[in-house]
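# Results of the structural survey
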Amino acid sequence: MKKLYILSLVLSITFSFAQKTNLKKADALFRNYAYADASKAYEEILQNSKNPSAQTLKNAADSYYFISDERNALKWYKKLYEAQGNNLTDIYYLRYIQTLKGVMDYDDADKMTKEYLTKKGDQKEVNRYLAQKQQMDSLSKAKSLYTIKNLDINTSKSDFGATYFQDRIVFTSARDTTKFSEKLYTWNNQPFLNLYLAERNPADGSLFNEKLFLPNVMTKYHEATASFDASGKTIYYSTNIVKKNKLVIDESKTNNFQIVKGDIVNNKLENPQQVFFDNKDYSVGHPALSEDGKWLFFASDMPGGAGETDLYYVKIAADGTMSSPVNLGPKINTLGNEVFPYFRNGKLYFSSDGHYGYGDLDVYESNLLADGTFSAPVNLGAPINSNKDDFSFIIDNADTYGYVSSNRAGGKGDDDIYSFVKGKPVCNQSISGMAIDKKTRLPLTDVSIMAYNSYTEILGETKTNFEGKYAIEVPCGKIVKMIAAKPNYASDEKTVETTKENGGEIKDVNFELSNYDDLVVKSKGVEKVDVKPIYFDYDKYAITPLAVEELTKVVFIMQKFPNIKIKIESHTDSRGKDSYNLKLSDNRAKSTRDYIISQGIDASRIESAIGYGESRLINKCKNGVKCTEEEHLLNRRSDFIIIQK
């Protein structure tokens, strides 16, 4: 029932045309919104026409478009594009793009979108397209929270627009073929719409025992898309503008839609009245009352809007007085159609074919901000949305279940009602920062940043960019161990506790990595840990605080480079007896070994710890040679020689 519910909510009735058609009659069918018949008429004409006019191509394509036949609509929109190129008007670019998406030609649709945006030259529109496309790409990689199911209550006719009414569901349907079978709605040759009431099974969301809702108000035309206050005693619904059981038409011979408000008393409608912004010259419909009854959202093609159909709201005072309608503005409204608003828990849900989506109408979500405006809409993704029309989304106050309507493939009829269950949203946060070289203080690129939970299970992994910066997504409410690693560098670690704010960011978690080459010295082909002399008290081998400071460097490099193995060699100067110096140095070597092991280094990584006394002097200061204290100091050394890395 495409475009009936899109609030080109127009109506004109025609009943009989000759089977054999010509262009004049096809145009008459089109003007009278008999799109099902018009599409057949134009098809017959165009098969025998070599040079059809642009208007004929538009009408043929639109006839198919308005009855949701995207494949045939695309055929004629493509011909129109071939004839007019980038001289297409905005609305025909939009329809061409939507039909491409409707047949899932997404690459061509993106190409055409970029051409249109380039032609239009509006950077805000370009930015919106880029942001929404990025969000859609992200959606395609994430697991959906929604599980949907087609309902048994659906028929071969149009069924849509489920809404909550106390513990039951009211919905819109064209299922009644008994009363008005000779007066079909010529737009799509289906019966007119009525409101129905159904019981709801809480266990699986199924609907049953449907019956006509408020039979005293149902006319022989359309009644659709109802909304109720919390008590279920007040109703707003869409209906044709009718006077004395006859359609009221405007100057273009179009019958528009209006919103009617009434009281429900003993299952009957009482005191029905038009809302003050109803007007025979344009349509208002799809009413949606906020849960507190203070806001009424609706769709309209009234003058001054951004596109074909815009969303508006009025505020309702305690005495029922309504404010003037307010357009929701360019964040929400587009060149196309915004319809079927629904407001719960500070979120506005609506359908649009003007925002970047999967094709035709998609359902979007927007948050009410502190200043009374709404945030940029976010596509709800599959399976709520498809390449066909997806609309009339509602969800319960607990944000766990609801209903959506769609004419997607695989349904039972034109439009079907689907129930859905929504899982708990995954709460993630971003941790960001940078990695630098500890010595040079310069940023490091390609550093691996890994995040682990308390069970050492990896939560995520990324690498720093050319600026040394990174960002990684991790779950909310966790203790996260962060490790930064790069070949030939010592790794660095941080522990971060994430909060429970979904989408939050923890910034400036920075890492300093030491280059292996900055931690060692090389001499004559031998690599040693770069440490200052290890000082011991005179004639002692117990580890002093000064010794600890240098040994910490040895422990550090062995922790950060777990494949390193060393051997320890301790030496003395020549002063004192040779045998004594040999024993003292050996005790000191083994004392440093024991300290390193006490810091958690596996003993197998220390091949040996040997004291050589004064047997390996590195200068002239042997026995009997007079040397300065500084010269003797050079011989009092401990070497931590790297034998494997």
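Below is a summary of the structure that appears in this document.

Reading the values: the criteria
Residues numbered from 1 in each chain as written. Predicted model: local features only at pLDDT ≥ 70, side-chain atom pairs only at ≥ 80, totals over all residues. Heavy atoms only, no water. Helix = DSSP H or I, 4+ residues; strand = E, 2+ residues; numbered from the N terminus. Buried < 20%, exposed > 50% of the residue type's maximum accessible area, 1.4 Å probe, protein only. Phe/Tyr/Trp six-rings, centres within 6.5 Å; stacked < 30°, edge-to-face > 60°. Pairing = 2+ DSSP bridges.

In this chain, Ala382 is followed by Pro383 through a cis amide linkage whose omega measures 5 degrees. Here Pro383 is to be found in the loop between strand E20 (378-379) and strand E21 (390-395). The phi dihedral of Asp399 falls on the positive side, at around 65 degrees, and the residue is not glycine. Relative to the assigned elements, Asp399 resides in the loop between E21 and strand E22 (401-406). By relative accessible area, which is 25% here, Asp399 ends up partly exposed. Here Asn488, not a glycine, exhibits a phi torsion of approximately 70 degrees, which is positive.

In total, this model carries 34 aromatic pairs according to the counting rule given. Relative to Phe420, the ring of Tyr146 has its centre 5.4 Å away and its plane inclined at 80 degrees; by these criteria the two rings are edge-to-face. Highlighted residues: Tyr146 in strand E2 (residues 146-150) and Phe420 in strand E23 (residues 416-422), separated in sequence by 274 residues. Where Phe213 meets Phe228, the ring centres are 5.8 Å apart and the plane angle is 80 degrees; that geometry is what we call edge-to-face. Separated by 15 residues along the polypeptide, Phe213 in the loop between strand E6 (207-212) and strand E7 (223-228) and Phe228 in strand E7 bring together distant segments of the chain. Here Phe213 matches Phe228 in class, with each residue buried. Here the aromatic residues Phe30, Tyr35, Tyr42, Tyr65, Phe66, Tyr77 and Tyr92 are joined through ring pairs into a cluster of three or more.

The next point concerns the pairing of E23. With six of seven residues buried, E23 is to be regarded as a mostly interior element. Pairing between E2 and E23: five bridges, direction antiparallel. Residue Thr147 lies in a different strand from E23, and its bridge partner there is Val421. With six bridges joining them, E22 and E23 adopt antiparallel strand pairing. Bridge assignment links Ser405 to a residue of E23, and that residue is Ile417.

Remember that the coordinates give geometry; whether it matters functionally is a separate question.
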